[in-house]
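# Descriptive structure summary
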There are 2 protein chains.
Amino acid sequence: MIEFEQIFYAKSIAIVGASNKPSKAAHQIINTMLKGGYQGTIYPIHPREKDVLGLKCYQSISEIEESLDLLVIGVPAKEVYKIFLEASTRGDIKGAVILSAGFSETGDPELIELEDKIVNIAKKAGIRIFGPNCIGIINSDIKLSTSFAPVSKVANGNLAFITQSGSFGGSLLMLAEESPKPLGFNKWAHVGNMSDVTNIEILEYFGTDPKITSIGMYLEGLAHGNELLKIAKNITQKKPIFLLKVGRTELGSRATLSHTGIIAGSDKIYDGALKQSGIIRVDNMEELIDSLKASSTLPKPKGNKVCVLTEAGGPGIITIDEITKDNFLQLAPITDHTINQLKKVLYPMATICKPNGYIDMTAAALEKEHADSLRLVLEDPHVDSVILISLPPTFLPALNVAKSIAEVINKYNKPVAVCFMKGVKMLESRKFLEKNNIPTFDNPRRAARALINLTKASSYLKTE
Amino acid sequence: MIEFEQIFYAKSIAIVGASNKPSKAAHQIINTMLKGGYQGTIYPIHPREKDVLGLKCYQSISEIEESLDLLVIGVPAKEVYKIFLEASTRGDIKGAVILSAGFSETGDPELIELEDKIVNIAKKAGIRIFGPNCIGIINSDIKLSTSFAPVSKVANGNLAFITQSGSFGGSLLMLAEESPKPLGFNKWAHVGNMSDVTNIEILEYFGTDPKITSIGMYLEGLAHGNELLKIAKNITQKKPIFLLKVGRTELGSRATLSHTGIIAGSDKIYDGALKQSGIIRVDNMEELIDSLKASSTLPKPKGNKVCVLTEAGGPGIITIDEITKDNFLQLAPITDHTINQLKKVLYPMATICKPNGYIDMTAAALEKEHADSLRLVLEDPHVDSVILISLPPTFLPALNVAKSIAEVINKYNKPVAVCFMKGVKMLESRKFLEKNNIPTFDNPRRAARALINLTKASSYLKTE
């Protein structure tokens, strides 16, 4: 683990191939790190440039007299070998991110051999390789980012992400940034071709990192599946792992082979094995980010009994469909006492516990009805968690609803997933809620999936 | 149909229960119509107010001397009956939207009877009722909207929507409004309890309306299913119908009973029957809006052979997974000639037709590679449609990519679904594409679902 600690906390980085052309990845990575405020030293490397983006440029790695922790390499594949020959003579470099593509993923025997040769030199020199075909790592603690995804600034927080696709991992960060309150990632890693560093090693490292309390993963194929499951089983007793595994179909699996040179394998076998390891498998990027969001801020539910409290019938039914189809959460058996109290605070046309655990306050519900109903169900001992759905109409200021429910939610140690529909009109209210550590979702299905996954993950956690 | 034409094109509307309190639905409906620019006359009705939002207020319907086409009623349930008694004496009113809830949907025998009594009076007077428990209708042609969903302005266009849930229908409009180019709805209807006007009648009306070229529907339950299927079968030969049917699970179905008093029925039976009628069933709100978007602007595909052209491996694999799982679209058998041409325009690390029909240009692809590859696959006679995915990184200006591909797309009469990832950073480019009638999607799964549904719907269309 200490080697990864040294790489993720690199005090100095050489960026090889950093010209002054904005159309070059290496140029943009320097730009991103300067904007982000990387706390270490950046050394641009280019045979002809004198300076890049205001930084002194070096002709080669050997020219750098100071200590060097990390290399980022953005030159054509055929030039990478000689860079490693040079790098291997220094003795101080701990890691290298190879951005360049055109190695083993092509299936070309010559390029596979080239990749092997590079890995061999690196191994002897003690340099761990991320990639090739890789955008590398992010560590928000020191504002280190070797990514060329257009993400202005990764917020720091208690999450981590491991990805086998740079574009997927980058998109996830863009989505995280646009949450009403941006999701915070402490660390993030793209493993590319995994010629050396594997996603399993990173998972193990993130598993031990006390700053990280939940881990997201995107996988295409799975080399050394048993090892991953063993390590995951240990981690999921302490922190949730949410996984999106693609290449589910045979054709999709054939495409993964061209992407990172790894066969995806049979999907159904994974399904069962992942379950045993406590990994929560999700279906898509939105579900992945929503599960991370819920896990990042909500208290862990004590059980699987959920109350669906809605101001709108249609979205309420969609929520019940989702919960029932999944079959892990169950509608809470709300007590008669609570039902009688609910009848007192709601209008006569409200649907109270038909079926039990489901309450439709109807569009007549104003701030008070939202807050009173929510308080009553959170008080009920049979309720472990709540999905609250509201679509404040023109006659009900959404922010008032947000304020009234936040006050209630913060008095109880039970998870509440809030869905305010729909879109930018609800952003102010959702920002208010998320600033108060109440995660919000754009539609009821997403709120339901997030709470389902959080509850499943919580069932694997062992309290110490 | 003429009765619906008179209601949707109402020249005058009385809004009963319109006080000056902004917390009242009837007040907000007047506000919405004034802001929207309703082209007819609005008569606020309230026993005590002198004017509402600058409009002269009437104490009762009888006081209005001019001709009256439509009533919107926003008073408590128990007061609705006497309004109909009064309205029935006029003889000019064609329709009424009853906003008020608390009728048959409660299951209370007295309230069911009250609803029946109201319907009987209305029938005798020739007044068609939307609702109760209903937000009614929208007609963008004359800026008529009885909705209290917080939608500033519904763009006009060639789409229509029928909904059994006001909140769902309202949310859909909010989502439509936030598309890079807002989706245009010519007409929209919420049927509430369907005490009189049914979703089937509205469907038939929208089916005959030449301004409407695609119809979206949200259903919870299905009274008179056979009639709906018969009418739909006729319509789907001329224009697509995309349906979201909820209450899929038994619990969800029980909740629909409380919502609109209709049992949802067995989901599997629906599935088969809907297919026979040519209705395209979708899974969620996003898929519904995406299918409508694709259908609204794209040329109809001639067949089911799709090319997946991607700049990023992960999202490409997700797309293939979605297509394969659904099993209607097939990857296009691209010709050797095209493959050889693609090899010339792309970088060596690109994945060309492994599997066939799938091309990963890799992150090295700039504007030219996007445009050249797209041109080649659109030229290929075996390609009926294209899903183009791009995640322009920091070194590639997204708008340049958008411009270069728009120029190509507009030269061919084949549908291209474009996915630019991710979020607001891609908004400028997506706006550019959508202004050029090229629909864009936020993630590859959504692009795939939209194209799948468009292709399925197109297979039912009969050319004249």
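Residues numbered from 1 in each chain as written. Chains lettered and ligands numbered in written order. Predicted model: local features only at pLDDT ≥ 70, side-chain atom pairs only at ≥ 80, totals over all residues. Heavy atoms only, no water.

## Some details on the interface of chain B and chain A
So the rule is basically this: Should any heavy atoms of two residues lie within 4.5 Å, those residues are considered in contact. The term buried area denotes the loss of accessible surface (1.4 Å probe radius) that occurs when two parts are joined, taken as the sum for both partners. For this document, the term salt bridge refers to a Lys or Arg side-chain nitrogen within 4 Å of an Asp or Glu carboxyl oxygen. Between N or O atoms, a polar contact is any pair within 3.5 Å; within protein, one atom must be a potential hydrogen donor and the other a potential acceptor, and residues adjacent in sequence are included only when both atoms are from side chains.
Each partner contributes residues to the interface: chain B has 71 residues there, and chain A has 71 residues. Summed over both partners, the interface of chain B with chain A buries about 5,300 Å², with 64% contributed by carbon and sulfur atoms. Looking only at chain B, the three residues that lose the most surface to chain A are B:Thr394, B:Phe395 and B:Lys422, adding up to 12% of its buried area. The interface formed by chain B and chain A contains six salt bridges. Across the salt bridge formed by B:Lys425 and A:Glu177, the nearest N and O atoms sit 2.9 Å from each other. Linking chain B with chain A are 20 residue pairs in polar contact (both at pLDDT 80 or more), by the criterion used here.

## A look at the pattern of salt bridges
Going by this rule: Each helix corresponds to a stretch of at least 4 residues labelled H or I by DSSP, and each strand to a stretch of at least 2 residues labelled E; elements are numbered beginning at the N terminus. Throughout this description, buried means an accessible area under 20% of the type-specific maximum (1.4 Å probe, protein chains only), exposed means over 50%, and partly exposed covers the range between.
According to the stated counting rule, one finds 47 salt bridges over all chains in the structure shown. Of the charged contacts, one joins B:Arg446 and B:Asp290 as a salt bridge, the two residues approaching to 2.7 Å between their closest N and O atoms. With B:Arg446 in helix H16 (residues 444-460) and B:Asp290 in helix H10 (residues 285-297), this residue pair connects regions lying 156 residues apart in the sequence. When its relative accessible area of 22% is taken as the criterion, B:Arg446 is described as partly exposed. Two residues, B:Glu434 and B:Lys293, come together in a salt bridge whose shortest N-O distance is 2.7 Å. You can see B:Glu434 sitting in helix H15 (residues 427-435) and its partner B:Lys293 sitting in helix H10, a full 141 residues away along the chain. Taking the relative accessible area as the measure of exposure, B:Glu434 reaches 5% and is therefore buried. Salt bridges here are not isolated pairs; linked through shared partners, they connect A:Glu287, A:Glu322, A:Lys325, A:Asp326, A:Arg449 and A:Lys456.

## A closer look at the relation of the copies chain B and chain A
We count it as follows: Only residues with pLDDT of at least 70 in both copies count here: their C-alpha atoms drive the least-squares fit that superposes the copies.
For the match of chain B to chain A, the screw axis carries a shift of 0.0 Å, the RMSD comes to 0.0 Å, and the turn is 180°. The transformation relating the two chain copies, once decomposed into turn and shift, fits a two-fold axis. Here 100% of the contact residues of chain B are again contact residues in chain A; the copies associate through an equivalent surface.

## Describing the side chain of B:Ser104
All names here are of chain B. Relative to the helices and strands, Ser 104 is located in the loop between strand S6 (95-98) and helix H4 (109-125). Engagement of the side chain of Ser 104 in a polar contact is seen with the side chain of Glu 115, the distance being 2.8 Å. Once residues lying within four places of it in the same chain are set aside, the contact partners of Ser 104 are Leu 111, Ile 112, Glu 115 and Asn 193.

## Things to note about the sheet that holds strand S7 (residues 128-130) of chain A
Residues and elements named next belong to chain A. So the rule is basically this: Here a strand pair is declared whenever DSSP counts at least two bridges between the two strands. To define axes, lines are fitted to C-alpha atoms, for helices over the stretch in contact only, and angles between the resulting N-to-C directions are given on a 0 to 180 degree scale.
In space, the five strands of this open sheet follow the order S2-S1-S5-S6-S7, with parallel pairing throughout. With partners counted over all chains shown, the strands left at the sheet margins are strand S2 (41-45) and S7, one partner each. Ignoring which end each strand starts from, the neighbouring axes of this sheet average 20° apart. The sheet contact formed by strand S1 (residues 12-16) and strand S5 (residues 70-73) spans four bridges and is parallel. In the sheet register, Ile 15 faces S5, and the bridge partner there is Val 72.

Just geometry here; none of it tells us what the structure is for.
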